[in-house]
Amino acid sequence: MTKYQVRRRALLLLLTVISMTLSAQDFSADRELFDAYRQENMAVWKEYIESLQPSAVSSQTLLYEYGYCGYIVAEAKKEGKEALLPEAKRYVQLFREHVEAQKGQLPAGHYEMYLSAVMVYELRLHIAIRPIKAMSLAKEATRLAPEDPLVLSYYGTSLFYAPKPFGSKSEALTWFEKAATYFKDSKWEYCWVREATKMYIRQCHEKLGR
């Protein structure tokens, strides 16, 4: 067995363990995926998503699909990388299927949050044009889960990227800062959205000149 095969087998074993832990609603063991996010090594996330079995899909695994779809869609939209579009569409379709399969089993607000994200990705890929519905779902998620930092940060992200009159960097900052207060709980230590929220807060301050 080559050194590459040994490393790949070890990675897949690790991802299986992480998947089992995430399905138990615990973020404390996904440090490897968090480190990969910080190092911008999304190949690790791709391996993780590809390794998922249908029975292992949960709110936590959907969070990684949401993040990876955001990455691959952004890459596919870059000039010269149009060849990635079919792959991006495949991952977004898989994400949609997993979201719908988990309807009724997700924490409050998460179905609306993830479905909104699906619609945003479909919009960017010109699959379906439903920006108002996507924003409405994001807002509804905050009503259903007013203290969930994932939901609050997602709505902030929606406001950050949406064009006026739907979007607002100032309003986005309010939601990011609110999410940050809940992200202080130690259970979110290795959650990539916590790290992303800090980044968005910095960007909002820069753009708003604060």
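Conventions used here
Residues numbered from 1 in each chain as written. Predicted model: local features only at pLDDT ≥ 70, side-chain atom pairs only at ≥ 80, totals over all residues. Heavy atoms only, no water. Axes fitted to C-alpha atoms, helices over the stretch in contact; angles between N-to-C directions. Helix = DSSP H or I, 4+ residues; strand = E, 2+ residues; numbered from the N terminus. Parallel < 35°, antiparallel > 145°, perpendicular 65-115°, else oblique. Left-handed = near helix turned anticlockwise from the far one by under 90°. Contact = heavy atoms within 4.5 Å. Nonpolar A, V, L, I, M, F, W, Y, C, P; charged D, E, K, R; others polar. Phe/Tyr/Trp six-rings, centres within 6.5 Å; stacked < 30°, edge-to-face > 60°. Lys NZ or Arg CZ within 6 Å of the ring centre and 35° of its normal. Core = buried A, V, L, I, M, F, W, Y, C linked by side-chain atoms within 4.5 Å. Buried < 20%, exposed > 50% of the residue type's maximum accessible area, 1.4 Å probe, protein only.

Peer 1: What is the right way to read the packing of helix α3 (residues 42–51) against helix α5 (residues 85–101) from this model?
Peer 2: For any two helices packed against each other, the geometry comes down to the angle between their axes and how far apart the axes lie. In the contact formed by α3 and α5, the axes pass within 12 Å of each other and the chain directions differ by 50 degrees. Judged by the angle between their axes, α3 and α5 are oblique. Judged by the twist between their axes, the crossing of α3 over α5 is left-handed. Contacts between α3 and α5 pair K46, I49 and E50 from the former with E87, R90 and Y91 from the latter. Taken together, the residues that form the contact of α3 with α5 break down as two nonpolar, no polar and four charged.

Peer 1: Teacher, can you tell me more about the packing of aromatic side chains here?
Peer 2: In this description, a pair of aromatic rings is defined by centroid distance and the angle of the planes. If you walk through the whole model with that rule in mind, you get 20 aromatic pairs. Taking the centre distance of 5.9 Å and the plane angle of 25 degrees together, the rings of Y37 and W45 count as stacked. A network of ring pairs unites the aromatic residues Y37, W45, Y48, Y64, Y66, F95, Y114, Y121, Y154 and W192 as a single cluster. Sitting above the plane of the Y91 ring, R90 keeps its charged end 4.5 Å from the centroid.

Peer 1: Would you mind going over the nonpolar core with me for this structure?
Peer 2: One broad rule of soluble globular proteins: the nonpolar side chains tend to lie buried together. By size, the foremost hydrophobic cluster in this structure holds 62 residues, and its most contacted members are Y66, F95 and Y114. For this core, the element with the most residues is helix α4 (residues 59–76), which contributes nine residues.

Honestly, that's just the spatial picture; any functional story needs more than this.
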